[in-house]
Amino acid sequence: MADYSKDEIKRIEEKWRVRWQHRGDYEVKNSSDKQKYYVLDMFPYPSGAGLHVGHPLGYIASDIFARYKRLKGYNVLHPMGFDAFGLPAEQYAIQTGQHPRVTTEKNIATYIEQLGKLGLSYDWKRKVETADPAYYKWTQWIFMQLFNCWYKHDAGEQGWGKATPIAELITHFEVHGNDGVRAACDETVAPFTAAAWIAMNEIVKENILQKYRIAYLAETMVNWCAALGTVLSNDEVKDGVSERGGYPVERKKMLQWNMRISAYGERLLTGLDKIDWPEPMREMQRNWIGKSIGCEMDFQLADNNEQGGLSIRVF
């Protein structure tokens with residue numbers, strides 16, 4: 001076997017990378033007789049000057065699988081993107097004293113160059129960047145679909161509920177009030193008649209609709225980090241401080257956007273039995289959904305049961 005110098009190895013690698021790119025070896029055609037297969041990596045945060053060892057650790061494994069599926073005759077979609085919004089990009093911009101748009105675009109260019117040198121088989125024509133207006137306009141569109149819908153029980157296939165236009169709910173209120181509405185909603189919704197609904201002003205009506213919308217505003221307990229000026233998930237808080245920066249975090253009740261994901265809980269649980277995932281991964285999802293099975297018991301308060309009395313309900 002011939003010995004090659006480092007310069008010769010670099011020249012050979014560059015030659016083949018350019019050829020693969022020009023031939024479009026990894027570009028995926030939408031119209032194909034081949035069976036489809038989708039291999040998706042977690043998008044990296046472009047919040048550093050380049051890749052770290054953890055990136056190729058996962059990307060090489062998924063690339064091997066994508067290549068295997070191509071060799072088995074599949075039409076494999078294997079894209080890459082960059083999760084350019086959020087705290088990582090913001091903190092990097094603050095630390096470097098540059099505008100986040102500048103640092104993000106520069107870092108993405110570096111990531112693409114480094115991923116290319118690894119020879120990973122991405123279809124770069126399908127690259128996405130979450131900070132690109134052409135991309136995030138669709139996340140905004142999805143939010144509006146959720147905001148303008150309510151979850152109607154027993155409205156879909158197999159008896160599942162489904163998202164239904166909020167206009168249908170308003171029409172029901174105008175004719176029947178909220179009598180007969182089977183929805184995922186706040187427990188604090190009080191009964192009202194059609195006449196009462198019609199007499200309400202727009203602010204009061206919207207306050208009621210917020211109790212039915214799939215995406216809605218409500219005061220909830222959150223992890224507030226004043227130094228970062230944002231709410232953090234539980235995973236972003238370690239020992240009472242933010243994972244990024246180590247700033248103090250306090251539990252605080254704040255007005256936040258919420259989604260009625262729990263309305264889909266049973267459907268999600270059933271679906272886990274039908275997907276080809278490792279059992280530990282499915283069990284992790286079941287635990288995240290957190291279904292509890294049990295009963296509720298009412299305990300009557302002593303000396304307070306003459307007319308039905310007061311009771312304490314325990315699950």
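Residues numbered from 1 in each chain as written. Predicted model: local features only at pLDDT ≥ 70, side-chain atom pairs only at ≥ 80, totals over all residues. Heavy atoms only, no water.

Undergrad: Could you clarify how one ought to interpret the overall build of the chain in this entry?
TA: Scanning the chain for helices and strands turns up ten helices and 13 strands. Here the C-alpha atoms of the chain give a radius of gyration of 27 Å, more than 25% beyond the 20 Å that 2.2 N^0.38 yields for 315 residues. In terms of its C-alpha atoms, the chain occupies a principal-axis envelope of roughly 100 × 50 × 40 Å. Put simply, the chain has 315 residues, and 30% of those count as buried. In the chain, once contacts between residues fewer than 6 apart in sequence are set aside, the share between residues at least 24 apart is 60%. In the chain, which carries 39 positive and 41 negative side-chain charges, the distance between the mean positions of the two groups comes to 8 Å. (Helix = DSSP H or I, 4+ residues; strand = E, 2+ residues; numbered from the N terminus. Rg over C-alpha atoms; globule rule 2.2 N^0.38 Å. Buried < 20%, exposed > 50% of the residue type's maximum accessible area, 1.4 Å probe, protein only. Contact = heavy atoms within 4.5 Å. Lys, Arg positive; Asp, Glu negative; His and termini not counted. Charge placed at Lys NZ, Arg CZ, Asp CG, Glu CD.)

Undergrad: Is there a simple way to explain the nonpolar core in this structure?
TA: Soluble globular proteins: nonpolar side chains tend toward being buried together. Of all hydrophobic cores here, the largest spans twelve residues; its members are Trp150, Ile166, Leu169, Phe173, Ala183, Val189, Phe192, Trp197, Met200, Ile208, Leu209 and Tyr212. At the level of elements, α6 (166-176) and α8 (202-209) are the ones that each hand at least two residues to this core. For this core, the element with the highest residue contribution is α6, accounting for three residues. Setting aside chain neighbours within four positions, we find Leu209 in contact with Ile166, Leu169, Ile170, Phe173 and Trp197. Counting residues in each nonpolar core, the second largest holds nine residues, with Met80, Tyr111, Leu115 and Tyr122 among its members. (Core = buried A, V, L, I, M, F, W, Y, C linked by side-chain atoms within 4.5 Å.)

Undergrad: So what exactly am I meant to see when it comes to the pattern of salt bridges here?
TA: Tallied over the entire structure, the rule returns 21 salt bridges. Lys291 is paired through a salt bridge with Glu266; the nearest N and O atoms lie 3.0 Å apart. Remark: Glu266 occurs in helix α9 (residues 265-272) and Lys291 occurs in the loop between α10 (279-289) and β12 (297-300); sequence separation between them is 25 residues. The exposure class of Glu266 is partly exposed, given its relative accessible area of 39%. One network of salt bridges, in which partners are shared, links Asp273, Glu279, Arg282, Glu283 and Arg286. (Salt bridge = Lys/Arg side-chain N within 4 Å of Asp/Glu carboxyl O.)

Undergrad: What should I look at first to understand unusual backbone geometry in this one?
TA: Both trends apply: most residues other than glycine have a negative phi, and most peptide bonds are in trans. Positive phi, normally seen in glycine, also occurs at Asp239, with a value near 55°. You can see Asp239 is positioned in the loop between β9 (237-238) and β10 (241-242). A relative accessible area of 82% means that Asp239 is categorised as exposed.

Undergrad: Teacher, can you tell me more about a nonpolar patch on the surface here?
TA: A contiguous nonpolar surface patch, about 540 Å² in accessible area, is contributed by Met297, Phe299, Leu301, Leu310, Ile312 and Val314. Only β12 and β13 (311-314) provide two or more residues apiece to the nonpolar patch. Following the sequence through the fold, Ile312 ends up in strand β13. (Patch = residues over 30% accessible without salt bridge, like charges linked within 9 Å, V, L, I, M, F, W, Y side chains within 5 Å. Areas by Shrake-Rupley, 256 points an atom, 1.4 Å probe, with all protein chains shown as cover.)

Undergrad: Could you clarify how one ought to interpret the sheet that holds strand β7 (residues 215-225) in this entry?
TA: Each strand in a sheet pairs with another by means of backbone hydrogen bonds, the pair being arranged parallel or else antiparallel. The strand order across the open sheet built from three strands is β8-β7-β11, with neighbouring strands paired in antiparallel fashion. Each having just a single partner strand, β8 (230-232) and β11 (250-259) make up the two edges of the open sheet. In this sheet, adjacent strand axes meet at a mean angle of 55° when their direction is disregarded. Pairing geometry for β7 and β11, over ten bridges, is antiparallel. The residue bridging Ala215 from the neighbouring strand is Met259, located in β11. Lying on the sheet, helix α5 (residues 133-147) is in contact with β7 and β11; it crosses β11 at an angle near 85°. (Pairing = 2+ DSSP bridges. Axes fitted to C-alpha atoms, helices over the stretch in contact; angles between N-to-C directions.)

Undergrad: Would you take a moment to explain the packing of aromatic side chains for this structure?
TA: To describe a pair of aromatic rings, you give the distance between the ring centres and the angle between the ring planes. For the structure on display, the rule yields 16 aromatic pairs. Arranged with centres 6.0 Å apart and planes meeting at 75°, the rings of Trp138 and Trp141 form a pair that is edge-to-face. On the criterion of helical spacing, the pair formed by Trp138 and Trp141 is a turn pair, its members being three residues apart in helix α5. In this structure Trp138 comes out as partly exposed when scored by relative accessible area, which is 47%. (Phe/Tyr/Trp six-rings, centres within 6.5 Å; stacked < 30°, edge-to-face > 60°.)

Undergrad: What should I look at first to understand the packing of α9 against α10 in this one?
TA: The axes of two packed helices give the description: the angle between them and the distance between them. One way to put it is that α9 packs onto α10 with a least axis distance of 10 Å and a crossing angle of 170°. Considering their axes alone, α9 and α10 lie roughly antiparallel with respect to each other. Packed against α9, whose contacting residues are Gly265, Leu268, Leu269 and Leu272, the element α10 presents Arg282, Gln285, Arg286 and Ile289 at the interface. Considering only residue class, the contact of α9 with α10 consists of four nonpolar, two polar and two charged. (Parallel < 35°, antiparallel > 145°, perpendicular 65-115°, else oblique. Nonpolar A, V, L, I, M, F, W, Y, C, P; charged D, E, K, R; others polar.)

Any link to function would need more than the numbers given here.
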